[in-house]
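So the chains spell out like this:
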Amino acid sequence: MDLSDIIPFAIELPLGVYAAVGIAIVCLLLGGTSRRRRPRSNSRQVLRAIRRAPVRAVPVLNQAERAVHRALADIVRQSGSHTLLAQVSMGEFLRLDRKGMPQSKWQTVFNAFNPKRVDFLIVDANWMACCVIEYQGSGHYQGDARARDAVKRAVCEQADIAFMEVAKSGLTAGQRRDLHDLLGTISRVAAE
């Protein structure tokens, strides 16, 4: 008896091929080729490791960033309704809708921005993001900084959030005017 007598659509292949396919199917059914499970972290072990680790507090902003923060805070304060935040994860103020997107494309876009932080974020009275400010300090352009900034800029543009890059020298008069316009404050810069 030939295999094609039992299975009409079977093709002539060596018996070893059929055996390998059969073993693979059995393994799949029994879960033998399922993804490796991550070991559960033992919370006691994690806490023990933390207690032994040399963790220490550091300033959120360096000296140059603090100078930019002071300039931004002055402008934001004048609006009376906006708030300035520093070092905010983009995943905190952006959401990506899944409608109409294949899962793989959604995951790619989500992974591109979600873990990134912005230097400064201005939010309105409802805590909605209205402006991202990236400070390009002396150590900024290291590694893939330009690519990271391009992603931040693109996702802010897509979400209709203003995006401003501040050079190492600080806010320009034009940037101050733009911020005053954006926040609806009276620009003292125009009088200078």
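Details of the structure are given in the entry above.
Procedures and definitions
Residues numbered from 1 in each chain as written. Predicted model: local features only at pLDDT ≥ 70, side-chain atom pairs only at ≥ 80, totals over all residues. Heavy atoms only, no water. Helix = DSSP H or I, 4+ residues; strand = E, 2+ residues; numbered from the N terminus. Expected span 1.5 Å × (residues − 1). Buried < 20%, exposed > 50% of the residue type's maximum accessible area, 1.4 Å probe, protein only. Arc of directions from axis to C-beta. Contact = heavy atoms within 4.5 Å. Pairing = 2+ DSSP bridges.

Asks: Can you break down helix α6 (residues 145-158) residue by residue, with the values?
Replies: Compared with the 20 Å implied by 1.5 Å per residue over 14 residues, the 20 Å span of α6 between its first and last C-alpha is a close match. Of the positions making up α6, those classed as buried are Ala145, Asp149, Lys152, Val155 and Cys156. The arc that holds the buried residues of α6, viewed along the axis, is 135°, so those residues lie on one side. Of the exposed residues in α6, the ones pointing more than 90 degrees away from its buried face are Arg146, Glu157 and Gln158. The secondary structure elements touched by the buried residues of α6 are α5 (103-113), β2 (117-123), β3 (129-136) and β4 (162-167). Looking one or two places after α6, you find Asp160, whose phi comes out positive at around 60°.

Asks: So what's going on with the pairing of β2? Which residues, and what values?
Replies: When you tally the buried positions in β2, you get six out of seven residues, the bulk of the element. Taken together, the six bridges between strand β1 (residues 83-89) and β2 define a ladder with antiparallel strand orientation. Across the sheet, residue Val88 finds its bridge partner in β2, namely Val118. Both β2 and β3 contribute to a ladder of four bridges, which runs antiparallel. Note on β3: the bridge partner recorded for Leu121 is Val132.

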